Amino acid sequence: MTTETIKLYDNDAYETSFTATVLSCEEVKKKDGTLWQVCLDQTLFFPEEGGQSADLGVLGSAQVLDVQIKNNVITHTLNQPLASGSSVTGQIDWEHRFYNMQQHTGEHIFSGLVQKHFGFDNVGFHLSDQIVTMDFNGPLTWADAEQLEWEVNTCIVSNIPVEVTFPDKAVLSGMEYRSKIEIDGQVRIVTIPGYDVCACCAPHVHRTGEIGILKVQSCQKYKSGVRISILCGFRALEDYRCKQKNVIEISTSLSARQETISDSVARLKSELAQAKLQLGAANMQLMQKKIADIPATLAQVCLFEENIDTDLMRFTVNELVKNHPGYCAVFAGSDADGYRYIIGSATRDTREIGSFLRERFQAKGGGKAEMIQGSLTAPAEKIQELFAEV
Ligand SMILES: [Zn+2]
């Protein structure tokens, strides 16, 4: 029976260093080298639990790469061994921990409000370094999410104390709280008065003001409910900086006001679609002229075009086969970048020339007797030589 680890983070989420005794150290072989799994009598390292990623930091001079919990025994994965029985000082990565605390307390307020206003449960929670998602078992609109977001931020600026308690079984049985499941051990209750009461094992901020801000990132249908992603505190600020940088760059390049850049992008897209249509029509006219100029006496035709789309290639081949009984081909591209091709014929089996192209130029593609298409890389001159031979 392995000794259960004393969870120092349970009582004080703000402590960053601690001393512990190494109870065991086991070598483990991994793909990318050897690692060591260490158990201590007590730890400040919060393990990956309840959807939240583990704390980072150091134990002595060893990096803590992962922290897992099983049957209340916490295992630290390290890049160096520690001597069993020795005393070690641990230091958690405070920035990482605090950012996680900001996200997690923010999530509690949001989920508490969802239950209060809509009666939906949080049925899935994920907190990584980049993203925080919450799944609710009922539908919420973007407008609902924004209203909740506003109310969470009202709670944040009210700077309400976050209370952590360990009520006994008798008190618990009469209490209303989220995540109420029967567990054997001591239940830890995190209360944000007026907003949320929830069973939770994770570290939280002392007062809601420390969350800074909560911003909803997205609200999407998920199973029979909704998945909402949020960011809080410094991670929300980093996200704001990233989005602002993009908005500034787009607005500068379009010479458009930041507030209305999406209108400018929509206008640009519609102009581009219009220009594409005009270009397509002009290219078609040019091609028709080119086709009309080809002497009718030619049995087969092999055209090379630099910029031509597949629709116009197919149109051209269909026009050519009306007047030329042999192979009629259009190659689009260049010697350097390779060619896409379409070959048609009214009288010959195009799959035959297709097999020559495969043999001589390792061409890819296929099709029916009347028409094949594919791609290859070869000089135009060599391709023309082949057409002269067949
Ligand atoms: Zn929680």
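Worth saying up front: this structure is predicted, and the values here are computed from it rather than measured.

**Re the layout of surface pockets**
If you add up the space inside the largest pocket, you get close to 970 Å³. Along its surface, the largest pocket is lined by 38 residues, and E49, I183, A199, C200 and C201 are the ones closest to its centre. Both of domain 1 (6-92) and domain 2 (98-248) provide at least three residues apiece to the lining of the largest pocket.

**Re the packing of helix α1 (residues 94-118) against helix α2 (residues 142-157)**
Two elements in contact, α1 and α2, have axes whose closest approach is 10 Å; the angle formed by their N-to-C orientations is 125°. In terms of their interaxial angle, α1 and α2 are classed as oblique. You can see that α1 and α2 cross each other, and the crossing is right-handed. Residue-level inspection shows G106, I109, F110, L113, V114, H117 and F118 of α1 in contact with α2, the latter providing D144, A145, L148, E149, E151, V152 and C155.

**Notes on helix α5 (residues 261-293)**
The first and last C-alpha atoms of α5 sit 47 Å apart over 33 residues, in line with the 48 Å expected at 1.5 Å per residue. Taken together, the buried residues of α5 touch α4 (233-254), β16 (301-305) and α6 (310-323).

**Some points on the packing of aromatic side chains**
This structure, assessed with the given rule, holds twelve aromatic pairs. Considering the side-chain rings of F18 and F45, the 6.1 Å spacing of their centres and the 75° angle between planes classify their relative orientation as edge-to-face. Separated by 27 residues along the polypeptide, F18 in strand β2 (residues 17-30) and F45 in the loop between β4 (42-43) and β5 (57-59) bring together distant segments of the chain. Classification of F45 as buried rests on a relative accessible area of 0%. By way of ring pairs, the aromatic residues F304, F331, Y339, Y341 and F387 are connected into one cluster. Of note, K116 hangs over the ring of Y195, and the distance from its end group to the ring centre comes to 5.9 Å. It is R227 that lies over the ring of Y222; its NZ or CZ is 4.0 Å from the centre.

**Here we look at unusual backbone geometry**
Of note in this structure, N71 is not a glycine but carries a positive phi near 50°. With respect to the helices and strands, N71 occurs in the loop between β6 (62-70) and β7 (73-78). N71 gets classed as exposed once you look at its relative accessible area, which sits at 65%. Within the chain, Q362 stands out as a residue other than glycine whose phi angle is a positive 50°. Assessed through its relative accessible area of 59%, Q362 is described here as exposed.

**What to know about the side chain of H104**
Relative to the helices and strands, H104 is located in helix α1. With a relative accessible area of 4%, H104 lands in the buried category. For H104, the contacting residues outside a window of four places in its chain are Q52, F125, L127, C200, A202, P203 and H204.

**Section: the coordination of the zinc ion**
All of the protein donors around the zinc ion are H104 (NE2), H108 (NE2) and C200 (SG); their distances to the metal are 2.1 to 2.3 Å. Taken in sequence order, the residues that donate to the zinc ion follow the motif H-x3-H-x91-C. Within this pair, whereas H108 is found in helix α1, its partner C200 is found in the loop between β13 (196-199) and β14 (214-222), the two being separated by 92 residues in sequence. An identical accessibility class is assigned to H108 and C200; each is buried.

**Regarding the side chain of N100**
Tracing the backbone through its elements, the reader meets N100 in helix α1. Since its relative accessible area comes to 0%, N100 is described here as buried. Of the polar contacts made by the side chain of N100, one reaches the side chain of R235; its length is 3.1 Å. Once residues lying within four places of it in the same chain are set aside, the contact partners of N100 are Q52, S53, L127 and R235.

**Details of the domain arrangement of the chain**
Parsing the chain into structural domains produces domain 1 (6-92), domain 2 (98-248) and domain 3 (295-389). If you average the C-alpha positions of domain 1 and of domain 3, the two centres end up 66 Å apart.

**Thoughts on the sheet that holds strand β19 (residues 364-367)**
Read from one edge of the open sheet, five strands run β16-β17-β18-β20-β19, paired in mixed fashion. At either margin of the open sheet sits one strand with a lone partner, and together these are β16 and β19. In this sheet, neighbouring strand axes are inclined to one another by 10° on average, regardless of whether the strands run parallel or antiparallel. Two elements, strand β17 (residues 328-334) and strand β18 (residues 338-344), share seven bridges in a ladder whose sense is antiparallel.

**What to know about the pattern of salt bridges**
What the rule picks out here adds up to 14 salt bridges. Among the salt bridges present, the one from R188 reaches D10, with a minimum N-O distance of 3.3 Å. Of this pair, R188 sits in the loop between α3 (169-173) and β12 (189-192) while D10 sits in the loop between β1 (6-7) and β2; the two residues are 178 residues apart in sequence, bridging distant segments of the chain. Relative accessible area serves as the criterion here: at 17%, D10 is assigned to the buried category. Here E305 ties to K290 by a salt bridge, and the two come within 2.6 Å at their closest N and O atoms. Placement of E305 in strand β16 and of K290 in helix α5 is noted, with a sequence separation of 15 residues between them.

Criteria and cut-off values
- Residues numbered from 1 in each chain as written.
- Predicted model: local features only at pLDDT ≥ 70, side-chain atom pairs only at ≥ 80, totals over all residues.
- Heavy atoms only, no water.
- 1 Å grid on protein atoms, 1.4 Å probe; cavity = no way out; pocket = protein on both sides within 12 Å on 5 of 7 lines; lining within 4 Å.
- Points joined across faces, edges and corners; volume = space filled by probe spheres on them.
- Domains from an automatic or database assignment.
- Axes fitted to C-alpha atoms, helices over the stretch in contact; angles between N-to-C directions.
- Helix = DSSP H or I, 4+ residues; strand = E, 2+ residues; numbered from the N terminus.
- Parallel < 35°, antiparallel > 145°, perpendicular 65-115°, else oblique.
- Left-handed = near helix turned anticlockwise from the far one by under 90°.
- Contact = heavy atoms within 4.5 Å.
- Expected span 1.5 Å × (residues − 1).
- Phe/Tyr/Trp six-rings, centres within 6.5 Å; stacked < 30°, edge-to-face > 60°.
- Buried < 20%, exposed > 50% of the residue type's maximum accessible area, 1.4 Å probe, protein only.
- Lys NZ or Arg CZ within 6 Å of the ring centre and 35° of its normal.
- Donors = N, O, S within 2.8 Å, 3.2 Å for Na, K, Ca; no water.
- Polar contact = N/O pair within 3.5 Å; in protein donor to acceptor, adjacent residues only side chain to side chain.
- Pairing = 2+ DSSP bridges.
- Salt bridge = Lys/Arg side-chain N within 4 Å of Asp/Glu carboxyl O.

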